[in-house]
Amino acid sequence: MLRILVAVLCLAVTSTGQAQTLNQKAAGYRGIWYFIGPTNNEYAYKYSGGLGTYPANHYPFSVYAPAVQRTFFCYGGVTDSTSRDLCHMIGYFDHKTGMVSRPTLLLNKKTDDAHDNPVIQLDAQGYIWVFSTSHGTERPSFIHRSRKPYDISSFEPITATRQDDAGKRIPFDNFSYLQTYYQPGRGFFNLMTHYDRGVLIYGANKPRRTISFITSPDGVNWSAWQDIATIEEGHYQSSGQWKNKVGSAFNYHPNTKVGAGLDYRTNIYYAETDDFGKTWHTADGKPLRLPLAEIANPALVKEYKSLGLNAYISDVNYDEVGRPIILYITSKGPDPGPANGPHEWHIAHWTGKEWAIHRVTQSDHNYDMGSLYVQGKTWQIIGPVEAGPQPYGTGGNLILLKSTNQGQSWATMKAITKNMVRNQTYPRRPVAAQPGFYAFWADGNARKPSASYLYFCNQDGQVFQLPAEMKTELEKPILVK
């Protein structure tokens, strides 16, 4: 009876930590606007804008379910134009009807920090899982599962536990920068970051961002987290999956500049596992002993520190035979503007013999994240390559690039967005992306707080806006001409 009452009245009945499981219907699709690092120049912020599908180290934001022909997606949203509270929202696009659902407001994260954005995954039975991340240890993280398969109307909180170093069960309620994968018969494989406070690095106590992985057969009982790398001040990692293989591409924070902190990140590394984390190796199969602790180690793909370049990883995908491809951006430093340019886009591809590094293009910002698509011998990138209405700000105009020679050269195929008033940011590739829902992103003004709307495009590059106000439970998305 209580569940019926919840479904009908959309009341919040469950409290989990500092947030409530709301299971309410939102009025429509509005994204979170967020900034970090105010500057003293005309570029206003280190990065900013509509960051509902941020950051690159969260994945996935959308998953296609062939059983129901729907793409389910999540994002960081707000309830209305006056709110700055980050809410975790879930919706779906129905490929049979071309309709989108009214979004479900799962919870209010009680922050405006887009680093707390959620990610989404489906299990073998079709239950929808939402992992609500946290930026560090100041706020709790949450796990929710839909009460019914392929149904976004109601979610239940999961009281998850993990093993600690002594083998005891403790709450699994804090994780950052999460990437979640599901393998039938094995369960969840999640890559994440945990924050080690008071680590002694070169004689000084500093926090370190340690990249790790953690597994679970059922989403409830989790293994101990196992560290992948602990080089100097830590890492950012992005990842990908091909069949049973999961690979992590990461950089590291050098401890060389006083006060530099996490703004400096360099080098590209890659490690993979094809046995659910039991063993790890390089792209050419050399065994790795984790955690990797030395700057020069067998997982190194490209050394950029001696060149004085930062490295920002956008995406990881695999060629037609399962060899890794890493998409990333390099620049001269963290601050926005032309002084730290050029912001060069690169592909690192394991050919079977070596890492081949190819220049793709250039843009005007470190956080111009793009997504990499592989269809046989055709590779594509969707990203904000072209400067947008707020040049030298996060995002820009989305461009479709194509390569038919394993990334050696790239051609511009189409301007996906144009004549927009806000920069387009963080276009994300769905799991099992289908032609009707091919990339998912948000927009926002990169100079000042603004409205942020959500969009997707089909494989032909047609752009659709998700309705900001919905009068019915299912509506057609708005074609952007």
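Predicted model, so just to flag it, every value in this text is computed and none were measured.

Pairing is antiparallel in the open sheet, where 4 strands are placed in the order S11-S12-S13-S14. In the strand order of this sheet, the two ends are held by strand S11 (118–122) and strand S14 (155–157), each with one partner. When strand polarity is set aside, the average angle formed by the axes of neighbouring strands in this sheet is 25°. As paired strands, strand S13 (residues 142–146) and S14 are joined by 3 bridges and run antiparallel to one another. When the sheet's bridge partners are listed, Arg145 is paired in S14 with Glu156.

This paragraph deals with the side chain of His58. Inspection of the secondary structure assignment puts His58 in the loop between strand S5 (45–50) and strand S6 (62–65). Among all residues touching His58, those that are not within four sequence positions of it are His115, Asn117, Val119, Thr133, Tyr177, Leu178, Gln179 and Arg428.

Per-residue pLDDT for the protein has a mean of 93; in total, 93% of the residues score no lower than 70. Across residues 1–15, confidence stays below pLDDT 50; counting only partners more than four residues off in sequence or on other chains, it has 19 contacts.

For the structure shown, the criterion picks out 4 cavities of 30 Å³ or more. As for the largest cavity, its lining consists of Ala56, Tyr59, Gln179, Ser238, Ser239, Ser314, Asp315, Val316, Met369, Ser371, Arg428 and Arg429. Among the elements of the structure, strand S22 (237–242) and strand S28 (310–318) are those that each provide at least two residues to the lining of the largest cavity. When residues of the lining of the largest cavity are assigned to their parent elements, the largest contribution, 3 residues, is made by S28. Tallied by class, residues from the lining of the largest cavity come to 4 nonpolar, 5 polar and 3 charged.

A few words on the side chain of Arg30. Note that Arg30 resides in the loop between strand S3 (24–25) and strand S4 (33–38). Looking at Arg30, its side chain comes within polar contact range of the side chain of Glu469, at 3.3 Å. The residues touching Arg30, leaving out its near neighbours within four places in the chain, are Tyr75, Gly76, Gly77, Val78, Asp80, Ser81, Ser452, Tyr453, Leu454, Ala468 and Glu469.

Below, the discussion takes up the pairing of strand S31 (residues 355–363). By the bridge criterion, 8 bridges tie strand S30 (residues 343–350) to S31 in an arrangement that is antiparallel. Paired with His343 across the bridge in S31 is Ser363. Hairpin connection of S30 to S31: 4 residues between the antiparallel strands, including Gly352 at a positive phi of 105°.

What follows is about the state of the cysteines. Under the definition given, this model contains 0 disulfides. With no disulfide of its own, Cys74 lies closest to Cys87 among cysteine sulfurs, the gap being 13 Å. For Cys74, a relative accessible area of 0% translates into the label buried. The thiol of Cys457 is unpaired, and the distance to the nearest cysteine sulfur, on Cys74, comes to 18 Å. The class for Cys457 is buried, based on a relative accessible area of 0%.

Criteria and cut-off values
- Note on numbering: residues in each chain are counted from 1, in written sequence order.
- Per-residue local features are limited, in this predicted model, to residues with pLDDT of at least 70; the limit for side-chain atom pairs, both in listing and counting, is 80 or more; totals at the level of whole chains, interfaces and linings are taken over all residues.
- Values reported for side chains reflect all heavy atoms of the structure, with hydrogen atoms and water molecules removed beforehand.
- Strands were regarded as paired on the criterion that DSSP finds at least two bridges between them.
- A run of H or I in DSSP counts as a helix once it spans at least four residues, and a run of E counts as a strand once it spans at least two, with each numbered from the N terminus.
- Each axis is a line fitted through C-alpha atoms, and for a helix only the stretch in contact is used; angles between axes span 0 to 180 degrees, taken between their N-to-C directions.
- Should any heavy atoms of two residues lie within 4.5 Å, those residues are counted as being in contact.
- Across the chain, each position has a pLDDT score giving the predictor's confidence in that residue, from 0 to 100.
- Of the two site types, the cavity is a set of points on a 1 Å grid over the protein atoms alone where a 1.4 Å probe fits but cannot get out, and the pocket is an open set with protein on both sides within 12 Å along at least five of seven lines, each lined by residues with an atom within 4 Å of a point.
- Grid points are joined across faces, edges and corners, and a volume is the space filled by probe spheres set on the points.
- Polarity classes work like this: nonpolar for Ala, Val, Leu, Ile, Met, Phe, Trp, Tyr, Cys and Pro, charged for Asp, Glu, Lys and Arg, and polar for all others, with Gly in that last group.
- The definition of a polar contact used here is a pair of N or O atoms within 3.5 Å, where within protein one atom must be able to donate a hydrogen and the other to accept one, and adjacent residues in sequence count solely through side-chain atom pairs.
- Pairs of cysteine sulfur atoms within 2.5 Å are identified as disulfides in what follows.
- Using a 1.4 Å probe on the protein chains alone, a residue whose accessible area is under 20% of its type maximum counts as buried, one over 50% counts as exposed, and one in between counts as partly exposed.

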